[in-house]
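What follows is each chain in one-letter form.
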Amino acid sequence: MRIIYDREMCQGHNRCYMGAPELFDVDDEGCAVLLVEGEVPSELEEKAQFAADNCPEYAIELTP
Ligand code: SF4
């Protein structure tokens, strides 16, 4: 699984960071920063799914 994050769509609700701080940080403008490049470690896949499901701007997508 990989995470595709679209900075242009992000509105800074920080739900991703709250739910998955291992995968997302927050920048100075309050927008998400993706911390993982490439494959998401298997133990974090559930958190990646949570972040994608809870982003109100659909800025986070997952690929197999
Ligand atoms: S939940 Fe979505 S809109 Fe909010 S900070 Fe994360 S990526 Fe951005």
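Model, not experiment: these values are computed from the prediction.

Moving on, we get to the nonpolar core. In this structure, Ile3, Tyr5, Leu23, Phe24, Val40 and Ile60 are the most contacted members of the largest nonpolar core, which totals 19 residues. Among the elements that line this core, the one with the most residues is helix H2 (residues 45-54), at 3 residues. Filtering out sequence-adjacent residues up to four positions away, Val40 remains in contact with Met1, Arg2, Ile3, Leu23, Glu45 and Ala48.

With that settled, consider the site of the ligand. Neighbouring residues of the ligand: 13 residues in total, closest Cys10, His13, Asn14, Cys16 and Cys55. The cavity where the ligand resides is the largest cavity.

The next point concerns the packing of aromatic side chains. For the coordinates displayed, the defined rule picks out 1 aromatic pair. Aromatic pair Tyr5 and Phe24: ring centres 6.4 Å apart, planes at 75°, arrangement edge-to-face. Within this pair, whereas Tyr5 is found in strand S1 (residues 2-5), its partner Phe24 is found in strand S2 (residues 24-26), the two being separated by 19 residues in sequence. When its relative accessible area of 18% is taken as the criterion, Tyr5 is described as buried. When its relative accessible area of 0% is taken as the criterion, Phe24 is described as buried.

So, about the environment of Ala59. Relative to the helices and strands, Ala59 resides in the loop between H2 and strand S4 (60-63). For the pair formed by Ala59 and Arg7, sequence separation is 52 residues and the distance between their alpha carbons is 7.0 Å.

Calculation rules
- Residues numbered from 1 in each chain as written.
- Predicted model: local features only at pLDDT ≥ 70, side-chain atom pairs only at ≥ 80, totals over all residues.
- Heavy atoms only, no water.
- Core = buried A, V, L, I, M, F, W, Y, C linked by side-chain atoms within 4.5 Å.
- Buried < 20%, exposed > 50% of the residue type's maximum accessible area, 1.4 Å probe, protein only.
- Helix = DSSP H or I, 4+ residues; strand = E, 2+ residues; numbered from the N terminus.
- Contact = heavy atoms within 4.5 Å.
- Near = heavy atom within 4 Å.
- 1 Å grid on protein atoms, 1.4 Å probe; cavity = no way out; pocket = protein on both sides within 12 Å on 5 of 7 lines; lining within 4 Å.
- Sits in = over half its atoms within 2 Å of the grid points.
- Phe/Tyr/Trp six-rings, centres within 6.5 Å; stacked < 30°, edge-to-face > 60°.

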